[in-house]
Amino acid sequence: MTVDPEQFRSAMARLPGGVGVVSTRWRDADHAATVSALMSVSLEPPIVLVSLHADSRIRDALDQVDGWAVSVLADDQAPTADWLASPGRPVIGQLARVPHHRAPESGAAWVDGAAAWLDCRTREIVPAGDHDLVLGDVVAVREGRSEAGGLVHLRRRVHPVR
Ligand SMILES: Cc1cc2nc3c(=O)[nH]c(=O)nc-3n(C[C@H](O)[C@H](O)[C@H](O)COP(=O)(O)O)c2cc1C
């Protein structure tokens, strides 16, 4: 029995997922992309996983550098999620309109105003079909404003939740 990819995509769109930005810095350029396939894997040691399309530019960059960062987006950051998911946006300058600061070890961008931030070092990359599962050791953690909510990706739209 074969599964229709569109039916699979549609079914999985019913699973609510949190939204973040994965970023890395390579050759003085900031790579960043919106992700919802993001999860905490282990507490001790702290490990996170992000699933990235094998052809994405951010995935390519992770072949060159070990360090990367995660910003867990807050409820008022849907425009940032949309921008960093838009196809064809230029790499150079893609963060010009996204206020950010630097993660301490990787130097990757942490989006200002996020609900939480992680700094990570790649532990392992596992190919999985058209995506690669990137497992990262978490080397630094910060939390944002206590009143910040989050974004939920559900039915192909991003919804703010408090
Ligand atoms: C809400 C949302 C969640 C997304 N989640 C993922 C994800 O988990 N993995 C992924 O590879 N792409 C995901 N995407 C698509 C990427 O953000 C988009 O393809 C991005 O442009 C890829 O980065 P690149 O431009 O560096 O290739 C998501 C898009 C949106 C709007």
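Details of the structure are given in the entry above.
Quick caveat: nothing in here was measured; it's all calculated off a predicted structure.

Engineer: Could you give an account of unusual backbone geometry, naming the residues involved and the relevant values?
Structural biologist: At the junction of Glu44 and Pro45, the peptide bond is cis and its omega measures out at 5° in the coordinates. By secondary structure assignment, the location of Pro45 is in the loop between strand 4 (38-42) and strand 5 (47-53). The phi torsion at Arg155 lies on the positive side, around 50°, for a residue other than glycine. The topology assignment puts Arg155 in the loop between strand 11 (150-154) and strand 12 (157-161).

Engineer: Quick one: what's the story with the sheet that holds strand 11, residue by residue and with numbers?
Structural biologist: Spatial ordering of the open sheet is given by 1-11-12, a layout of 3 strands whose pairing is antiparallel. Edge positions in the sheet fall to strand 1 (17-18) and strand 12, since each has one partner strand and no second. Note: strand 1 against strand 11, 2 bridges, orientation antiparallel. In the sheet register, Gly18 faces strand 11, and the bridge partner there is Val152.

Engineer: Tell me about the site of the ligand, and please be specific about residues and values.
Structural biologist: Ala33, Ala37, Ser56, Arg57 and Ala85 are the nearest of the 18 residues found near the ligand. Elements that contribute at least two residues to the shell around the ligand include exactly strand 3 (29-35), strand 5 and helix 2 (57-61). Ranked by residue count, the leading element in the shell around the ligand is strand 3, at 4 residues. Residues belonging to the shell around the ligand are distributed by class as follows: 10 nonpolar, 7 polar and 1 charged.

Conventions used here
Residues numbered from 1 in each chain as written. Predicted model: local features only at pLDDT ≥ 70, side-chain atom pairs only at ≥ 80, totals over all residues. Helix = DSSP H or I, 4+ residues; strand = E, 2+ residues; numbered from the N terminus. Pairing = 2+ DSSP bridges. Near = placed C-beta within 6 Å. Nonpolar A, V, L, I, M, F, W, Y, C, P; charged D, E, K, R; others polar.

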